[in-house]
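# Descriptive analysis of the structure
Each chain, written out:
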Amino acid sequence: MSLSRGKRLIRIDSRREFHGYADWQSLFMDMQTGWLIPDTEIWSGPDLVLRINALGCKGPELEPDLPVIACFGDSVTMGISQGMDSWPARIDVPGCQPLNAAIEGHNMARAVERYRQIAARTDLAAAVFYTGWHNIIYGEHSESHWRTMLDTVRGPHVTAFCTLATCLLEECRTRGVGPLLNSDVDRTGFANYFEYNRESYDKRYFNFWCNEEPSTENIGRILDGVTRFNTFLDGYCRERGAILIDAARFLRPACYDDIPRDFFDVCHFRPAAYKRVGAFVTQAIADAVARHLAERTPVRRRSIFDRLLRRRPLGGAAPVGARSGDDDRDLRKNIYPLW
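Numbering of residues begins from 1 in every chain and follows the order in which that chain's sequence is written. Note on the predicted model: pLDDT of at least 70 is required for a residue's local features to be given, and 80 or more for side-chain atom pairs to be given and counted; whole-chain, interface and lining totals, by contrast, use all residues. Side-chain calculation: all heavy atoms of the structure are included, whereas hydrogens and water are not.

### A few points about the side chain of Arg114
Secondary-structure assignment places Arg114 in helix H3 (residues 108-121). One polar contact links the side chain of Arg114 to the main-chain carbonyl oxygen of Leu55, over a distance of 2.7 Å. Filtering out sequence-adjacent residues up to four positions away, Arg114 remains in contact with Trp35, Leu55, Gly56, Cys57, Phe72, Ala101 and Ile103. Helix numbering and strand numbering both begin at the N terminus, where a helix is a DSSP run of H or I of at least 4 residues and a strand a DSSP run of E of at least 2. Polar contact criterion, stated in full: a pair of N or O atoms within 3.5 Å, where within protein one must be able to donate a hydrogen and the other to accept it, and residues adjacent in sequence count only if both atoms are side-chain atoms. Contacts were defined at the residue level, with two residues in contact if any of their heavy atoms lie within 4.5 Å.

Structure below.
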């Protein structure tokens, strides 16, 4: 690892040199806190593999004074860590810039903590949440917990929640997914294989759910959990007036043989699907964001002017120090395993 201009520049010989995913993950994540390490770049030869910006988010630095559409969630939203692309990066709303604020392995509570950090440090035009996979079967998975978490993230910005999309169909309850599983390593090695072997995403590789058995019991638990969460989310958005982005309907396979088309396991999208998902989210929020920006323009101009006055106060007083908005509390939590 080498350092340059305040950045952590990490150079690796090969993406295949890691014995397990935790070895790879430790390059860009603080394993004690679960947050991504700001100002980190990982290079493999001439190729930039991954960049974590100054906010601790996957992707490039933000442009100053341009409203932000931030996306929160787990690895489904963060996208594969072996590349810069993700569906949040494909959101394209005029007058705004996207920010991928998701972190793999994070449950709803951690996504809410991340939201608070980002909301304090950016000009949020919209907050999009694709979270819940780590709260439908294990961890806190009651509707009261879901409601408490979602109530926390309501703000002056546009707020949107995505339903959980899975490639599993109802017929999988009886038919299973055995005929669809595909890899050139044993299933017991799938977790490490797909998580750091970038080439696998471009093949017909398909796993079930990390190293869980693809049993009809596990399939039923996932389908029941997703249905319960999505039903709750639909009712919650109607009640609260939040935008519901129905990713589940949008990405549902047309038939059994299409199950691996957009997914490389039961919940993670293939990189080839990022563009479509980003466009779908863009369409769902664009009008609301445009209205929000139009309504707040006078207030935003005044706030910018006020910030300038604070930086150069009248009468020669010393400048007021900028407040970062970081939360100094110990945010260490149990980090859920990555799917």
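### Focus: the nonpolar core
Burial of nonpolar side chains together is a common tendency in soluble globular proteins. The biggest cluster of nonpolar side chains holds 77 residues, and the ones touching the most others in it are Trp87, Val128, Tyr130, Phe269, Ile285 and Val289. Ranked by the residues each element gives to this core, the list is headed by helix H7 (residues 216-240), at 9 residues. Setting aside residues no more than four positions away along its own chain, Ile285 makes contact with Ile69, Val93, Val128, Ala160, Ile243 and Ile245. If you look at the next biggest cluster of nonpolar residues, it comprises 17 residues, including Phe18, Trp24, Trp35 and Ile42. Nonpolar core, defined: a set of buried Ala, Val, Leu, Ile, Met, Phe, Trp, Tyr and Cys residues in which side-chain atoms within 4.5 Å join the residues together. Each residue gets one of three labels from its accessible area relative to the maximum for its type: buried under 20%, exposed over 50%, partly exposed in between, using a 1.4 Å probe on protein chains only.

### Focus on the sheet that holds strand E7 (residues 124-130)
Paired strands are those between which DSSP finds at least two bridges. Spatially, E6-E5-E7-E8-E9 is the arrangement adopted by the 5 strands of the open sheet, whose pairing is parallel. Lying at the two open borders of the sheet, with one neighbouring strand each, are strand E6 (97-100) and strand E9 (243-245). The average angle at which neighbouring strand axes cross in this sheet is 20°, direction not considered. Pairing analysis gives 4 bridges linking strand E5 (residues 68-73) to E6, with the strands arranged parallel. Looking at E6, one finds that Val68 is bridged to Gln97. Axis angles are defined between N-to-C directions and span 0 to 180 degrees, where every axis is a line fitted to C-alpha atoms and, for a helix, only to the segment in contact.

### Quick word on the packing of helix H4 (residues 143-152) against H7
Between H4 and H7, the least distance of the axes is 11 Å, while the angle of their chain directions is 45°. Classified by the angle their axes make, H4 and H7 are oblique. Considering the relative orientation of H4 and H7, their crossing is right-handed. On the side of H4, the interface is formed by Glu143, Trp146, Arg147, Leu150 and Asp151, while H7 contributes Arg228, Phe229, Phe232, Leu233, Tyr236, Glu239 and Arg240. Of the residues in the contact of H4 with H7, the class split is 6 nonpolar, no polar and 6 charged. Orientation labels follow simple angle bins: below 35 degrees gives roughly parallel, above 145 gives roughly antiparallel, 65 to 115 gives roughly perpendicular, and whatever is left gives oblique. Note on convention: near helix rotated counterclockwise from far helix by under a right angle means a left-handed crossing. Clockwise means right-handed. Residues were grouped as follows: Ala, Val, Leu, Ile, Met, Phe, Trp, Tyr, Cys and Pro as nonpolar; Asp, Glu, Lys and Arg as charged; and all remaining residues, including Gly, as polar.

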